Amino acid sequence: MSRDQLKQQAAEKALGFVEEGSVVGVGTGSTVAFFIDGLAKMKARIDGAVSSSEQSTRQLQAHGIPVYDLNAVGPLKLYIDGADECDPWDRLIKGGGAALTREKIIAQASETFVCIIDPAKQVELLGAFPLPVEVVPMARSLVGREILKLDGQPVWREGVVTDNGGWIIDVHGWRIQDPVALEARLNQIPGVISVGLFAARPADVVIVGDQIRPKRPLAAP
Ligand SMILES: O=C[C@H](O)[C@H](O)[C@H](O)COP(=O)(O)O
């Protein structure tokens, strides 16, 4: 089975989490694109969506699904999104498509975050996928120097401007032993808008292909 078929399987399985009459939080990316296509088939049974990117908004609206401002609808029951990497404790690297900030906002605003991936996204240790960090443009060099002090190799994703007007730095070379601590540390650097580590608020459910993956228990301290 191809990676696209496995992404589509995960997306279709996630449709089972969508409740009648609800507003669904919708992420961004190629896996979510399959989810949006599936959601379109049940659009008469939902109220609409909150979207994490202009790209997803366009796809939702093309299907005739109403897209709401998060401020207008308040907390959400469900958020569906993909990821670039997922560790055994459902902590994620996201932002390969530069949508990390709005994704993080909607994940935080949602009761249940269902992450949909193909098996190749599963890792023991996060960091082989370069970690995206969104920054205020004038802080790019400053944040880069701070990342160097933490032994990361910052690479500016030149030419990419996010939906929020931010720039992206991809950090190479980290094997992330403590993602919660690294997320908190990076969030302290002035000029960082958000960090593509979803560790303090991991996914609640991970679907890999057509399977809901069991969560590995955290080792006792
Ligand atoms: O910014 C993009 C998002 O975090 C995506 O959810 C992530 O990059 C996964 O995308 P895809 O499903 O295309 O692999």
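The name an unreviewed UniProt entry assigns to the chain is Ribose-5-phosphate isomerase A, from the organism Arenimonas composti TR7-09 = DSM 18010. Per UniProt, the chain has the following entry under Function (unreviewed entry): "Catalyzes the reversible conversion of ribose-5-phosphate to ribulose 5-phosphate." The UniProt entry for the chain carries the following comment under Catalytic activity (unreviewed entry): "aldehydo-D-ribose 5-phosphate = D-ribulose 5-phosphate".

Asker: Which residues make up the site of the ligand, and what values do they have?
Answerer: In the neighbourhood of the ligand, 17 residues make up the surrounding shell, with G29, T31, G82, G96 and G97 lying closest. A per-class count over the shell around the ligand returns 4 nonpolar, 9 polar and 4 charged.

Asker: Tell me about the confidence of the model for the chain, residues and numbers included.
Answerer: When pLDDT is averaged across the chain, the result is 97; 99% of the residues are at 70 or more. Prediction confidence for the complex, expressed as pTM and ipTM, is 0.95 and 0.98 respectively.

Asker: Describe the packing of helix α1 (residues 3–14) against helix α2 (residues 30–41), with residues and values.
Answerer: At a minimum axis distance of 8 Å, the contact between α1 and α2 shows a crossing angle of 45°. In terms of orientation, α1 lies oblique with respect to α2. Seen from above, α1 lies across α2 with right-handed handedness. Contacts from K7, Q8, A10, A11, E12 and A14 of α1 reach α2 at S30, T31, F34, F35 and G38. Its residues assigned to classes, the contact of α1 with α2 shows 5 nonpolar, 4 polar and 2 charged.

Asker: Quick one: what's the story with the sheet that holds strand β8 (residues 131–135), residue by residue and with numbers?
Answerer: Taken in spatial order, the 4 strands make up an open sheet running β9-β10-β8-β11, and their pairing is antiparallel. Sheet topology places β9 (153–156) and β11 (192–195) at the edges, where each strand pairs with a single neighbour. Between one strand axis and the next, the sheet turns through 30° on average, direction left out of account. Alignment of β8 against β11, held across 3 bridges, turns out to be antiparallel. Each bridged residue has a counterpart across the sheet, and for E134 the counterpart in β11 is S194. Sheet contacts for helix α5 (residues 100–108): β8 and β11; angle to β11, the most-contacted strand, approximately 65°. Relative to the sheet, helix α6 (residues 140–149) contacts β8, β9, β10 (167–172) and β11, its axis offset from that of β10 by approximately 15°.

Asker: Which residues make up the sheet that holds strand β6 (residues 92–93), and what are the values?
Answerer: One open sheet holds the 3 strands; their spatial order is β5-β6-β12, and the pairing between them is antiparallel. For this open sheet the edge positions go to β5 (85–86) and β12 (197–198), each flanked by a neighbour on one side alone. Where β5 lies against β6, 2 bridges are found, and the strand directions are antiparallel. Residue pairing for β6: C86 is matched across the bridge by L92.

Asker: So what about the UniProt feature "active site" (unreviewed entry) in the chain? Which residues, and what values?
Answerer: Mapped onto this structure's residue numbering, the UniProt feature "active site" (unreviewed entry) falls at E103. A count of 30 C-beta atoms within 10 Å places E103 in the buried class. For E103, the contacting residues outside a window of four places in its chain are G27, T28, S52, D81 and K94.

Definitions and cut-offs
- Residue indices follow the written sequence of each chain, beginning from 1 at its first position.
- In keeping with the model being predicted, local features are shown solely for residues with a pLDDT of at least 70 and side-chain atom pairs are shown and tallied solely at 80 or more, while totals for entire chains, interfaces and linings include all residues.
- UniProt positions are given in the numbering used here, feature names are shortened, and annotations may be inferred rather than shown by experiment.
- As used in this record, a residue near a molecule or strand is one whose C-beta atom, placed from the backbone, is within 6 Å of it.
- Polar here means any residue other than Ala, Val, Leu, Ile, Met, Phe, Trp, Tyr, Cys and Pro, which are nonpolar, and Asp, Glu, Lys and Arg, which are charged; Gly is therefore polar.
- pLDDT expresses how confident the predictor is about each individual residue, on a scale running from 0 to 100.
- Note on geometry: axes are C-alpha line fits, over the in-contact stretch for helices, and angles between N-to-C directions span 0 to 180 degrees.
- Secondary structure elements are taken from DSSP: a helix is a run of H or I of four residues or more, a strand is a run of E of two residues or more, and numbering for both begins at the N terminus.
- Working definition: roughly parallel below 35 degrees, roughly antiparallel above 145 degrees, roughly perpendicular at 65 to 115 degrees, and oblique for all remaining angles.
- Two helices crossing with the near one rotated counterclockwise from the far one by less than a right angle form a left-handed crossing, whereas a clockwise rotation gives a right-handed crossing.
- Two residues qualify as a contact pair if the distance between their C-beta atoms, derived from the backbone, is within 7 Å.
- When DSSP finds two or more bridges between a pair of strands, those strands are recorded as paired.
- Here a residue counts as buried when 20 or more other C-beta atoms sit within 10 Å of its C-beta, as exposed when there are 12 or fewer, and as partly exposed otherwise, the C-beta atoms being derived from the backbone.

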